[in-house]
Amino acid sequence: MSAFLKTALRNKSFATGFVITCVVVLMAAISFVWTPYDVTDLDIGSKLKAPGWAHWFGTDHFGRDIFSMIMVGARNSIAVALVAVIIGVGFGVPLGCWAAARGGLLDEALMRGNDVIFAFPALLSAVMITAVFGPGAINAIIAIGIFNIPVFARLARGAALSLWPRDFIMAARAAGKTKTRITIEHIVPNMANLLIVQATIAFALGIIQEAGLAYVGLGTQPPLPSWGKMLNEAQTMMSFAPHMAIIPGLAIVITVLGLNLLGDGLRDVLDPRLTRKRD
Amino acid sequence: MRTLKKLLAVALMTTAIAPATMVGAAFAAKTSLIMGMVLEPPHLDPTAGAPAAIDEVVYANVFEGLTRIGSKGEVLPGLAESWDISEDGKTYTFKLRTGVKYHDGSAFDAEDVKFSLDRARAEGSTNAQKALFAGIDSVTVKDASTVEVQLKSPAGNFLFNMGWGDAVIVAPETADGNKANPVGTGPFKFGSWVKGATLNLVKNDDYWGTPVALEKATFRFISDPAAALSAMLAGDVDAFANFPAPETIPQLRADPRFNVVIGSTEGETILSTNNTKPPFNDVRVRQAIAHAIDRQAIIDGAMFGLGTPIGTHFAPHHPAYVDLVGQYPLDLEGAKKLLADAGYPNGFKATLKLPPPSYARRGGEIVASQLRKIGIELEIIPVEWGVWVPEVFKAKDYDLTIVSHTEPMDIGIYARDDYYFNYNSDAFKATITKLNETTGEADRYALMAEAQKIITNDAVNGFMFQLAKAGVWNAKINGLWENSPVQANDLTGVSWSD
Amino acid sequence: MILFLVRKTLWAAVTLAVASVLVFAALEIVPGDPAQVMLGINATDEAIAALREDLGLNKPVLERYFSWVFGMLQGDFGKSYTYSVPVNELVADRVTISLPLALLSLLISTAIAIPVGLYAAARRGSLADTGIMALSQVGIAIPNFWFALLLVYFLAIWLQLVPAGGFPGWEAGFFTALKSLLLPAISLALPQAAILSRVTRSALLETLGEDYVRTARAKGLSRRSTIWKHALRNAMIPVLTILGLQFAYLLAGTIIIENVFYLPGLGRLVFQAISLRDLIVVESVVMMLVGTIIVINLLVDLAYLWVDPRLRHRRS
């Protein structure tokens, strides 16, 4: 691992993305044990303070410390986006591999199923899903995660299809291994690089989507802060408390940027040829 | 008398013509108004729906009732120019205006009044405020311009009730079409409606009364507070009778282009409590909550200082209001002790369902943080109105909720069986029954005071604050209401100065 | 070729059918009663029951599903519960905003992204290329609604150059109306342009690396004319894919931006209808959007054939 890191860190994209992501994750992790202020404790008396020594990023309209909220919000963003990616990988990859291994009608049916999901405008559907099940972090995860499934299914299927005719797979088949075993032992490990890159990108997208849902009031609910919700609350106060809008926005941009750079870097560092294969 | 009328007519004519003749000399005063509204009405028939947005468009503008409510909550003559009340307080004889025409050209007469009132109180009527008409025993047409209404028992507020938007007079021929194409007697006619965006009213040139100064009034529907602010700042909207973003009021007030008027509403904003659901069925628990709520912090945090603390369910600007705010001062130790006495020394968990308005969503966050200090952990569940009504209001499936009760003089809801508070007090019911039968003002006020004290003693709900009305409008507009005694945007007296 | 078309169309129909079941089922379980919402909190139970009967909400589920589907097949998308006007009419109103907005932002993003992407590819490795790529990374990371907030704050509120929101209607004059679509279109276009420029760049670089392009260069064609005559056409495939996706996204995915600028577009219509439990509007509009996306995907597939003749043979 450390040898890999050493080579990888020579890649500028990867290095920058890696550092940013580490900082964000670290901030989120620390927030579990310590934040400068309690984010659930409202202190109306010290509301709308501009950034300064007592409150690095200022306070919001309830007098909460924005730096602490950014820390806890990072935790929330990461959790939602991560679980949504896990849903995408967890359902998408097996489906894609299965479709590739079986081929024929099953393949067609699964891929058409994907098309159905793809045909739904994602954001609109997420709004519908949260309307059905009620707003909240869990439902936001589901809404974002569902739309990750076809992405990973397509990717896995494409990669698997290109792997099946390869010699070493042929050899394994000749040795009498079942398709399932081959998939688990050879196909999936060989597409791991590709999946990692896509996961990073989906992770970054998930953070933006979560922020969007929270911004329209359908994401994480109070008392826990979320970046998107902070933006929503800041909107009408922009003219006298611009820090309330600028800081959470920057937090999103920096985090997403970090993840995208990380993904790009990974793509370059890991086997670059695989990523070009489509369908 | 006749000469007086003539003189009046001449005076009216000249005032009407005068500005028109000045057009050449100076800039003409603007004659159109764009009014911002937070909610769009689902339809435009005030006699077939409760949403305040309906009244906010059509009340006094398109439709008129027998009486009308003035800007201070006073009862004024409407389509009835005068009335007599019998000795026993049970018979009201209304003398109607003559020469009044509906927007479709048909004439208004006593038959329309009988039709409208009978329609509202009929079985299967979709009138949202059927209770207003429940006391009516019969409606009789005496002649074309006289109607007699017989009540089952004296009702002190009958004339006020007849001024509600739900009691406007409609014509039998057009009543069914009023939802999409409202036909009333008011000074404005319905123009056009782009769903989801704007609604236009145009001046009714055949209006029976003082003609309005505006040629056209547009209502623009902007539900988002931030969008409302940008629209106001950009001049896309001339006025907001009730501006949805209290946090921006200082900014708007500092802007010389705008007139900001903080008025009062009939909205008692309360932490509604399910009085039969444990642990809230214990009065000590409810009192503990009352002691834990810091009203001023809620007003400052959720409403940015706009609002008046209340200690009971009554509007502070009403003469019969009793200030009971001090009955439960902020006292966390006392609150904890009350909880311990009730058997909850370590507090408990409960849910708080919050409807969409910012007073509820923001207020709810603050209340949750305040109650946490005495050990009550509230799970916040945001709900849309479409869910709040069936779940909370109808099925009473809730622990706590925050809502503003905006109907005027609505303390009587605490006497209703099966109301969503699940509050049941014989003493209170007796007081309200007595109040309904009493007509003398002093006696009525005394009974109202008694009613207020009973619900405060029982700490039925967490009484928080009276919703303020933050009116924001272009400084050149005159005649908009500063307070809202009824849900309305009465544009009849609005004009531009220039 | 024809077989390919038939197959694609057939699948599109199946997809639509499945989608209609999904949408209908989802909204069947939405909590909340449209009749209750319409009549408000003081409505009596019998009034609500009467309204439910009027709206046809008391009929069995299957009957309602099929009458909805058959209505749609005949072009009748039902009647809005809240506004009691045909959904078609509502949608027609909103499309006059959503469609120009989508087209405008697509225009802006293409006008920026394709030249920039091509330039970066042509100058691969140069300072300009590195700068453009870095900028596009940032562009992708910016949530469009945050960018919209910043635009409103600086351009509309501070400098008062453009309206902060709202839509005056096309009858207010073409340019007045266009002006109020400008900020939303820009906010939507920025992240799209960032993605598109990267796709354009890498697509062009990829084709430039292919054999026939090298051959062309070897034959003595200048770099510039190689790009114009050979590489560009082939590089258009991934660009077209992304454009198709983005257009579909723009038509439906603008809910948040429409909220920031309070534009009465399609997204807002659905958003509002959900909160009012005007289910028929939600169902029908979502189905229209799904249909549109499917058609766009079909068109993109066809565009492939047009751009790359080789595919014509491979597919059929």
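All values reported here derive from a predicted model rather than from experimental measurement. Numbers given to residues run from 1 along each chain, matching the order in which its sequence is written. Going through the entries in the order they are written, you letter the chains from A and number the ligands from 1. Per-residue local features of the predicted model are confined to residues with pLDDT of at least 70, and side-chain atom pairs are confined, for both listing and counting, to 80 or more; whole-chain, interface and lining totals are unaffected and use all residues.

Caption draft 1: Fine view of the overall build of chain A. A run of DSSP states H or I qualifies as a helix once it reaches four residues; a run of E qualifies as a strand once it reaches two. Both are numbered from the N-terminal end. In terms of regular secondary structure, chain A is built from ten helices and zero strands. Ordered by position in the sequence, the α and β elements of chain A form the string α-α-α-α-α-α-α-α-α-α. Here the C-alpha coordinates of chain A stretch approximately 75 × 45 × 30 Å along the principal axes. When each of the 279 residues of chain A is scored for burial, the buried share is 54%. The contact criterion used is a C-beta to C-beta distance within 7 Å, with each C-beta placed from the backbone. Excluding contacts between residues fewer than 6 apart, the proportion of contacts in chain A whose partners are at least 24 apart in sequence is 73%. Labels follow a simple rule on C-beta atoms placed from the backbone: if 20 or more others lie within 10 Å of a residue's own, it is buried; if 12 or fewer, it is exposed; otherwise it is partly exposed.

Caption draft 2: Quick peek at the overall build of chain B. Counting secondary structure elements, chain B contains 13 helices and 19 strands. Our radius of gyration looks at C-alpha atoms and nothing else; its globule reference is 2.2 Å times the residue count to the power 0.38. A compact globule built from 498 residues should have a C-alpha radius of gyration of about 23 Å, and chain B, at 24 Å, falls within 12% of that. With respect to the three principal axes, the spread of C-alpha positions in chain B is 75 × 55 × 40 Å. Sorting the 498 residues of chain B into buried and exposed places 50% on the buried side. Taking the intrachain contacts of chain B between residues at least 6 apart in sequence as the baseline, contacts between residues at least 24 apart amount to 70%.

Caption draft 3: Structural view of the packing of helix 6 (residues 127–141) of chain C against helix 8 (residues 174–208) of chain C. Residues and elements named next belong to chain C. One can describe the packing of helix 6 onto helix 8 by two numbers: an axis separation of 8 Å at closest approach and a directional angle of 135°. As far as their axial angle goes, helix 8 and helix 6 are oblique. For helix 6 against helix 8, the interelement crossing comes out left-handed. For the pair helix 6 and helix 8, the contacting residues are I132, S136, G139 and I140 in the first and L190, P191, A193, A194, I195, S197 and R198 in the second. Simply put, an axis is a line fit to the C-alpha atoms, just over the touching stretch for a helix, and the angle between two N-to-C directions goes from 0 to 180 degrees. The cut-offs work like this: below 35 degrees is roughly parallel, past 145 is roughly antiparallel, 65 to 115 is roughly perpendicular, and the gaps in between are oblique. Each crossing is labelled by how the near helix is turned from the far one, with a counterclockwise turn of less than a right angle marking it left-handed and a clockwise turn marking it right-handed.

Caption draft 4: Region of the structure containing the interface of chain A and chain B. At the junction of the two partners, chain A supplies 16 residues and chain B supplies 16 residues. Class assignment of the residues belonging to the side of chain A that touches chain B gives a composition of eight nonpolar, seven polar and one charged. Throughout this entry, Asp, Glu, Lys and Arg are counted as charged residues, while Ala, Val, Leu, Ile, Met, Phe, Trp, Tyr, Cys and Pro are counted as nonpolar. The remaining residues, Gly among them, count as polar.

Caption draft 5: The interface of chain C and chain B, seen in detail. On the chain B side, the residues contacting the 38 residues of chain C number 31 residues. For the side of chain C that touches chain B, the residue count by class is 21 nonpolar, twelve polar and five charged.

Caption draft 6: Here's a closer look at the pairing of strand 17 (residues 462–474) of chain B. Residues and elements named next belong to chain B. Burial of strand 17 is extensive: twelve of the 13 residues sit out of reach of the surface. The sheet contact formed by strand 11 (residues 239–240) and strand 17 spans two bridges and is antiparallel. Bridge pairing in strand 17 links F240 to V472. Two elements, strand 12 (residues 258–273) and strand 17, share eleven bridges in a ladder whose sense is antiparallel. DSSP calls a pair of strands paired once it identifies at least 2 bridges connecting them.

Caption draft 7: Representation of the domain arrangement of chain B. Residues and elements named next belong to chain B. Domain start and stop points were drawn from an automatic or database domain assignment. Domain parsing of chain B yields domain 1 (32–36 + 182–263 + 469–496), domain 2 (64–177) and domain 3 (267–467). Distance from the C-alpha centre of domain 2 to the C-alpha centre of domain 3: 34 Å. Every contact between the two is made by seven residues of domain 2 and, on the other side, seven residues of domain 3. Of the residues contributing to the side of domain 2 that touches domain 3, the split by class is two nonpolar, five polar and no charged.

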